[in-house]
Amino acid sequence: MISDSELLKAAEARLRARGLTGARAFAVWVEEMRVSDAPDRLPDLLGLAYESFFPAVFKRSRGQFFTPPPIGALMLHWAGLVEGEEVVDPACGSGTLLVQAARAGCRVVGTDIDPLLVELSRLHLELAGLVGDVSVGDAFVGARSADVL
């Protein structure tokens, strides 16, 4: 079976050959995966694909850095989550951590300042057959605007 990274590299090359990059390439890829013979792999590929299709410079200029799935899994393990607990991700990005926590039986709530990422997180949960509450917002606005004593 082809690895996730090989699948993404092939998809990116195919889309670039068609003149598609960035957000447009990502949208086309998601639609292609939905109707492919492997849609069950899509939930685990979404975050990786987003990172692949958007240049690092674009993400950094917006302050977007993504937690690799193995690191997210390790964080959840260290947290010692119990089924039914609530996990809140204040900058949920593509929703990888939310999906992992929901798979562990937790209730998940996510926020992100980027509406595209909120939609991606919602799609990520939906395609994995999971439920979560994800909304657009700046979870850190109070921290940035607080007076320093």
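For clarity, every value in this text was computed on a predicted model and none was experimentally measured. (Residues numbered from 1 in each chain as written. Predicted model: local features only at pLDDT ≥ 70, side-chain atom pairs only at ≥ 80, totals over all residues. Heavy atoms only, no water.)

### Examining the overall build of the protein chain
The condition that has to hold: Put simply, DSSP marks the helices as runs of H or I at least four residues long and the strands as runs of E at least two long, and each gets a number from the N terminus on. When accessible area is computed with a 1.4 Å probe and restricted to protein chains, residues below 20% of their type maximum are described as buried, those above 50% as exposed, and intermediate ones as partly exposed. Residue contacts follow a heavy-atom distance rule, with two residues in contact if any of their heavy atoms lie within 4.5 Å. Reported accessibility uses the Shrake-Rupley method at a 1.4 Å probe radius. Residues are deemed covered only where the shown protein chains occlude them.
When helices and strands are counted, the protein chain shows eight helices and three strands. When its helices and strands are written in sequence order, the protein chain yields α-α-α-α-α-β-α-β-α-β-α. By the burial criterion, 38% of the 149 residues in the protein chain qualify as buried. In the protein chain, the share of contacts with a sequence separation of at least 24, taken over all contacts with a separation of at least 6, comes to 53%. Looking at the protein chain as shown, the accessible area adds up to about 8600 Å², and 59% of this sits on carbon and sulfur atoms.

### Structural notes on helix α1 (residues 4-17)
Stated formally: Between the first and last residue of a helix there are one fewer steps than residues, each counted as 1.5 Å, and that sum is the expected span. The arc under discussion is defined with respect to the helix axis, by the directions toward the C-beta atoms.
An ideal rise of 1.5 Å per residue puts 20 Å on 14 residues; α1 measures up with 20 Å between its terminal C-alpha atoms. When α1 is considered as a whole, its buried residues turn out to be L8, A11, E12 and L15. In an axial view of α1, the angular spread of the buried residues amounts to 100 degrees, which keeps them on one side of the axis. Turned more than 90 degrees away from the buried face of α1 sit K9 and A17, all of them exposed. Looking one or two residues beyond α1, the residue adopting positive phi is G19, at roughly 80 degrees.

### Some details on the environment of E119
Just so we agree on the cut-off: Contacts described as polar in this section are N or O atom pairs within 3.5 Å, which, within protein, must combine one atom able to donate a hydrogen with one able to accept it, while residues neighboring in sequence count only if both atoms come from side chains.
Here E119 is to be found in helix α7 (residues 115-127). Taking the C-alpha atoms as reference points, E119 and S94, 25 residues apart in sequence, are found 8.4 Å from one another. A polar contact of 2.8 Å, which involves the side chain of E119, links it to the side chain of R122.

### Notes on the sheet that holds strand β3 (residues 133-136)
What counts is decided by this rule: The criterion for strand pairing is that DSSP finds at least two bridges linking the strands in question. To define axes, lines are fitted to C-alpha atoms, for helices over the stretch in contact only, and angles between the resulting N-to-C directions are given on a 0 to 180 degree scale.
Here three strands make up an open sheet; going across it, the order is β1-β2-β3 and the pairing parallel. Where the open sheet ends on each side, the last strands, each with one partner, are β1 (86-89) and β3. When strand polarity is set aside, the average angle formed by the axes of neighbouring strands in this sheet is 10 degrees. Two strands pair when backbone bridges link them, and strand β2 (residues 107-112) and β3 are joined in this way by four bridges, in the parallel orientation. When the bridges of β3 are listed, D112 appears paired with V136. Of the strands in this sheet, β1, β2 and β3 touch helix α6 (residues 96-103), which is tilted by about 175 degrees from β2. Most of the contacts of α7 go to β3, to which it runs at about 170 degrees, and overall it touches β2 and β3.

### Points about the confidence of the model for the protein chain
The condition that has to hold: pLDDT gives the predictor's per-residue confidence on a scale running from 0 to 100.
Residues of the protein chain with pLDDT of at least 70 account for 74%, and the chain-wide mean is 79. In the model, residues 144-149 has pLDDT below 50 throughout and makes one contact with residues more than four positions away in sequence or in other chains.

### Topic: the pairing of β1
For clarity, the cut-off: When the strands point away from the viewer, a crossover counts as right-handed if the path from the first strand over the helix to the second runs clockwise.
Because side chains alternate across β1, one face comprises the buried residues V87 and D89, and the other comprises E86 and V88, none of which is buried. One crossover worth recording links β1 to the parallel β2 by way of α6, and it is right-handed.

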